[in-house]
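These are the residues of each chain, in order.
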Amino acid sequence: MNRYSVAPVYVPLWIEKAVEELRPRPRLPTSQWAEKNRVLPPGNAIPGPWRNRVTPYLTEIMDAVTDGDAERIIFVKPTQVGGTSAMENVLGALICQDPGPAMIVYPSDDLGERIVEAKLEPMIKSCPALSELYQEKESKKLQLKFRDMTVYLTGANSPADVSSLNIRYLFLDEVDKYPGATKKESDPVSLAIERTKTYTTNRKIFMASTPTVKSGRIWREKEAAEQERHYFVPCPHCGQYIELVMSQLRWPGKDEFPDNRDRADRAAYVCQKCSGLITDRDKGPMLQAGRWQTVRGVSKGARSVAYWISTLYSPFTLFSEIAMEKMQTKGDQERAQNFANSWAAEP
C-alpha cells in the first residue's frame, strides 16, 4: 500500500439496512402498483392477480387520479365495468406510496359497512404491501387506520360526519344515489368537497357513478369538466379507431327470427367506418389496443377531466346480453330507464 492509498471502510450491516430503509422507494403509477400488488378475492368476475389487460380502459383513469395534473376526475360509467375495483386500486396505491387523510363517501352508512366487510378488508389482507401497514386493532368499522394515514368511510346520509374532517383524498362513489340538499345542510357532494380546502394544491377528488337524469350530479359534473374523454378502439377490419355506440349494435328482425333469444344470439357490432361486423371475439384485442381521446374541452392543462364509457366496452358482458336487454325494454318504461342508465351510461 502506497502513501496515497485509502483503507477500505467497512459499514456495519445494521447501518446498511437502516440506510436502505430510509432510501426513497420508486413510486409506481397506480396501474403498475395494482399489477404488482393487487389480488382480487373469490367472488370477483376474474379472481386472482390484477391484470390491466382485462380492463385496459381503467389504466388511464387510475393513473390520472394519482399521477395526473387534474385535481378532479369524473368517471361516468355503466354497471359491471370494474369502476369500483379501480377506485380500490387508487386507494391502495395512495396508502402505500403517498399517504394522506382520505375519505370515501357512499350513498349510505350501511352500504359503507358492507363494502368494508366484503371488499376493502379482503383487499387489504390479500395484499402484503397493505396488510403490513394496516393497524387493524386501532381501526373501526368506518375508520381504517394505517401506519401513515387514516381512511374515513361515511354515508352521504350522515352530513355531520362528512363535514367534520380535513381530507386530502376524496372518493365519491355512486353520487347519483346520494340524498339532496336540505334546508339545514348543503348537498353531500358539496359538503365533502369543502373538507378538501386545506389541501388545495395537492388534493384529489375521484367521483364515479352510473348516471340517472340530466340534472343528476354525475352528469352535471361531466358537462362542467374542462375536458371530456371517450375510449376509441381499432376496427379489426379497417383499422380505423371508432367509439362504440349503442346505435351500431345490430341484430336480425322478427320476420327472420321470431324468438328474441335467437335474434340476440346473432347480435354484432357494425363498424361505422367500414360496415364490418365485429363480434365478442374481437373485443379483447380491440380493448387492449384502445386509447382515450378528448372529445370536448381543452387538450392540455385541465383541472377537471371526465371519462365516459358504456357497457359495450365491458369484457364481462356479451353483445347478445346487451341486445336481449334492449329488446326487453320495449313497452316497459322502468326497464328502458334502467337500460339507459346502467347499460348505456346515459341519463
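The structure this text deals with has already been given above.
Remember, it's a predicted structure, so these values are computed and weren't measured experimentally.

Cut-off values and rules
Residues numbered from 1 in each chain as written. Predicted model: local features only at pLDDT ≥ 70, side-chain atom pairs only at ≥ 80, totals over all residues. Heavy atoms only, no water. Axes fitted to C-alpha atoms, helices over the stretch in contact; angles between N-to-C directions. Helix = DSSP H or I, 4+ residues; strand = E, 2+ residues; numbered from the N terminus. Left-handed = near helix turned anticlockwise from the far one by under 90°. Contact = heavy atoms within 4.5 Å. Nonpolar A, V, L, I, M, F, W, Y, C, P; charged D, E, K, R; others polar. Disulfide = S-S within 2.5 Å. Buried < 20%, exposed > 50% of the residue type's maximum accessible area, 1.4 Å probe, protein only. Phe/Tyr/Trp six-rings, centres within 6.5 Å; stacked < 30°, edge-to-face > 60°. Pairing = 2+ DSSP bridges. Arc of directions from axis to C-beta. Core = buried A, V, L, I, M, F, W, Y, C linked by side-chain atoms within 4.5 Å. Salt bridge = Lys/Arg side-chain N within 4 Å of Asp/Glu carboxyl O.

> Break down the packing of helix H3 (residues 57–67) against helix H4 (residues 83–97) for me, with residues and values.
Between H3 and H4, the least distance of the axes is 10 Å, while the angle of their chain directions is 35°. In terms of crossing hand, the pair formed by H3 and H4 is right-handed. Within the contact between the two elements, H3 uses Leu58, Met62, Val65 and Thr66 and H4 uses Ala86, Asn89, Val90 and Leu94. Its residues placed into classes, the contact of H3 with H4 shows six nonpolar, two polar and no charged.

> Can you explain the state of the cysteines? Please cite residues and give values.
Here the structure, examined in full by the defined rule, presents zero disulfides. You can see Cys96 has no disulfide; the closest cysteine sulfur is in Cys127, sitting 5.7 Å from it. Residue classification places Cys96 among the partly exposed positions, given a relative accessible area of 27%. With no disulfide of its own, Cys235 has Cys271 as its nearest cysteine by sulfur position, at a separation of 3.7 Å.

> Which residues make up the packing of aromatic side chains, and what values go with them?
Tallied over the full model, the rule gives seven aromatic pairs. Aromatic side chains Tyr231 and Trp292 sit 5.1 Å apart centroid to centroid with 65° between the ring planes, which places their arrangement in the edge-to-face category. Of the two residues, Tyr231 is situated in strand E9 (residues 227–234) and Trp292 in strand E14 (residues 291–297); the sequence distance between them amounts to 61 residues. You'll find Tyr231 and Trp292 in the same group, each marked buried. Measuring from centroid to centroid gives 4.9 Å for Trp292 and Tyr307, while their planes differ by 80°, and the two rings are edge-to-face. Here Tyr307 lies in strand E15 (residues 304–308) and Trp292 lies in strand E14, a separation of 15 residues in the sequence.

> Describe the pairing of E9, naming the residues involved and giving the relevant values.
The buried count for E9 comes to eight of eight residues, which makes it a mostly enclosed element. Residue alternation in E9 divides its side chains into two sets, Gln227, Arg229, Tyr231 and Val233 and Glu228, His230, Phe232 and Pro234, and both sets are buried. Taken together, the six bridges between E9 and E14 define a ladder with antiparallel strand orientation. Across the sheet, Arg229 pairs through a bridge with Thr294, a residue of E14. When E9 meets E15, the two strands line up parallel, connected through four bridges. Counted as the bridge partner of His230 is Trp308 from E15. Once E9 ends, the chain turns through six residues before running back antiparallel as strand E10 (residues 241–243), passing Gly239 with a positive phi of about 80°.

> Account for helix H11 (residues 280–288), naming residues and giving values.
By the burial criterion, the buried members of H11 are Lys283, Met286 and Leu287. Along the long axis of H11, the arc covered by the buried residues comes to 95°, so they all point the same way. H11 presents Arg281 and Pro285 as exposed residues on the side facing more than 90 degrees away from its buried surface. Buried residues belonging to H11 abut H3, E9, strand E13 (277–278) and helix H12 (319–327).

> Report on the nonpolar core, specifying residues and quantitative values.
Judged by nonpolar contacts, the single largest core of 65 residues is most densely connected at Leu120 and Val151. The greatest single-element share of this core, amounting to seven residues, is contributed by H4. In this structure, Val151 is in contact with Leu91, Ile95, Ala102, Ile104, Leu142, Gln143, Leu144 and Phe146, ignoring residues within four places of it in sequence. Residues Val105, Leu170, Ile218 and Ala345 belong to the second largest nonpolar core, which totals 21 residues.

> Any chance you could break down the pattern of salt bridges for me, citing the residues and the numbers?
Counted according to the given criterion, the structure contains 21 salt bridges. Residues Arg72 and Glu221 are paired through a salt bridge, measuring 3.2 Å at the closest nitrogen-oxygen approach. Of this pair, Arg72 sits in strand E3 (residues 72–76) while Glu221 sits in helix H9 (residues 217–224), and the two are 149 residues apart along the sequence. Overall, Arg72 belongs to the buried group, its relative accessible area being 17%. What makes Glu221 buried here is its relative accessible area of 9%. Residue Arg335 is joined to Glu325 by a salt bridge in which the shortest nitrogen-to-oxygen separation is 3.1 Å. Here Glu325 lies in helix H12 and Arg335 lies in helix H13 (residues 333–343), a separation of ten residues in the sequence. Residue classification places Arg335 among the partly exposed residues on the basis of a relative accessible area of 31%. Among the ionic contacts, a cluster of salt bridges with common partners joins Arg27, Asp67, Asp98 and Arg168.

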